[in-house]
Amino acid sequence: YLGAIHTSVERLAALVDDLLKVSRIERGSLGVTPEALDAVQFTREYLQECAPLIEKKKLVLRFKPHPTTLRVVSDKTMFRNIIQSLVSNAIEYTPPAGTITVSLQKNDRTFIFGVEDSGIGISPEDQKRVFQKFFRGNNAQLMKAGGTGLGLYIAKEAASLLGGTIAFTSEEKKGTTFSVTLPLTSKPR
């Protein structure tokens, strides 16, 4: 019973947190506070947090070859929101024994954070709405009854606030690849 209660409390807390983020985004009161961080280490730490979920589903996680370090100036909370949304969706919607590949690339003035999965994919008709608040694809609803449909909306808004963009390609029953292009140095807001 305690385990079930604990899980329910965690889900409720995550929902409240997401709703607060959405409220701040819509009010324009979500500030950007850039600070120096190593994007490689930051990403690696988040992936380590996900290890139990990945192992439970028997997924294969690859962290593609990347720079040893990638010094950026970004808002840690917003960057984490992006990582969390994309990686947790990949874990949630990739069937057991599937593959998730995370990547980081550095360009002249930007870096690209990517997540590719061998999951259920997004249908062509749902792709137009994937970043809308509270939207969940039909196949996502069939696979998992719960879910708020806020994660990708928050990730898109966070990328925008950091001065970046988010894009994806997807094929139903074959998987999805998300790419977030962010400036090496985000500006405070």
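Procedures and definitions
- Residues numbered from 1 in each chain as written.
- Predicted model: local features only at pLDDT ≥ 70, side-chain atom pairs only at ≥ 80, totals over all residues.
- Heavy atoms only, no water.
- Phe/Tyr/Trp six-rings, centres within 6.5 Å; stacked < 30°, edge-to-face > 60°.
- Helix = DSSP H or I, 4+ residues; strand = E, 2+ residues; numbered from the N terminus.
- Buried < 20%, exposed > 50% of the residue type's maximum accessible area, 1.4 Å probe, protein only.
- Lys NZ or Arg CZ within 6 Å of the ring centre and 35° of its normal.
- Expected span 1.5 Å × (residues − 1).
- Bend = angle between axes of the 7 residues up to and from the residue.
- Contact = heavy atoms within 4.5 Å.
- Salt bridge = Lys/Arg side-chain N within 4 Å of Asp/Glu carboxyl O.
- Pairing = 2+ DSSP bridges.
- Axes fitted to C-alpha atoms, helices over the stretch in contact; angles between N-to-C directions.

A.B. asks: Pulling in residues and values, what's your account of the packing of aromatic side chains?
C.D. replies: For the coordinates displayed, the defined rule picks out 6 aromatic pairs. On the basis of an interplanar angle of 20° and a centroid distance of 5.5 Å, the ring pair of Phe42 and Phe79 is categorised as stacked. Of this pair, Phe42 sits in helix H2 (residues 39-56) while Phe79 is found in helix H3 (residues 76-92), placing the two residues 37 residues apart along the sequence. Neither residue differs from the other here; Phe42 and Phe79 are each classed as buried. Judged by centre distance (5.8 Å) and plane angle (70°), the ring pair of Phe131 and Phe168 falls under edge-to-face. One end of the pair, Phe131, is in the loop between helix H4 (124-127) and helix H5 (138-143); the other, Phe168, is in strand E6 (residues 165-171), and 37 residues separate them in sequence. With a relative accessible area of 17%, Phe131 lands in the buried category. Taken together, the ring pairs in this structure connect Phe42, Phe79, Phe111 and Phe113 into an aromatic cluster. Lying across the ring of Tyr153, Lys133 places its NZ or CZ 5.8 Å from the centre.

A.B. asks: Tell me about H2, and please be specific about residues and values.
C.D. replies: With 18 residues, H2 ought to run about 26 Å at 1.5 Å a step, and its terminal C-alpha atoms sit 26 Å apart, in line with that. At Cys50, H2 is deflected by roughly 50°, the largest bend along its length, and proline Pro52 occurs up to four residues later in sequence. Along H2, the residues classified as buried are Ala39, Val40, Phe42, Thr43, Tyr46, Leu47, Cys50 and Ile54. Looking at the buried positions of H2, the neighbouring elements they touch are strand E1 (35-38), strand E2 (60-63), strand E3 (71-74), H3, strand E4 (99-106) and strand E5 (110-117). Just downstream of H2, Lys58 is the residue with a positive phi angle, here 55°.

A.B. asks: For the pattern of salt bridges, give the residues involved together with the corresponding values.
C.D. replies: In this structure the tally under the stated criterion is 3 salt bridges. One salt bridge connects Glu49 with Arg80, and the closest N-O pair in it is separated by 2.8 Å. Placement of Glu49 in helix H2 and of Arg80 in helix H3 is noted, with a sequence separation of 31 residues between them.

A.B. asks: Which residues make up the environment of Pro188, and what values do they have?
C.D. replies: Its place among the elements puts Pro188 in the segment after strand E7 (175-183). Pro188 sits 113 residues away from Asp75 along the chain, and the two C-alpha atoms are 8.5 Å apart. Once you skip the residues sitting within four places of it in the chain, Pro188 turns out to touch Val32 and Pro34.

A.B. asks: Report on the sheet that holds E2, specifying residues and quantitative values.
C.D. replies: An order of E2-E4-E5-E7-E6 is seen for the 5 strands of this open sheet, with the pairing classed as mixed. What marks the edges here is a single partner per strand, and that holds for E2 and E6. Along the sheet, successive strands turn relative to each other by an average axial angle of 10°, direction set aside. The sheet strands contacting H2 are E2, E4 and E5, and the helix crosses E2 at an angle near 175°.

A.B. asks: Give a description of unusual backbone geometry that names residues and reports values.
C.D. replies: The backbone of Ala97 shows a phi angle near 75°, a positive value even though the residue is not glycine. Considering the arrangement of structural elements, one finds Ala97 in the loop between H3 and E4. Judged by relative accessible area, which is 60%, Ala97 ranks as exposed.

A.B. asks: Summarise helix H6 (residues 151-161); cite the residues concerned and give the values.
C.D. replies: Where H6 is concerned, the buried positions are Leu152, Tyr153, Ile154, Ala155, Ala158, Ala159 and Leu161. The first or second residue beyond H6 is Gly163, which carries a positive phi of 90°.

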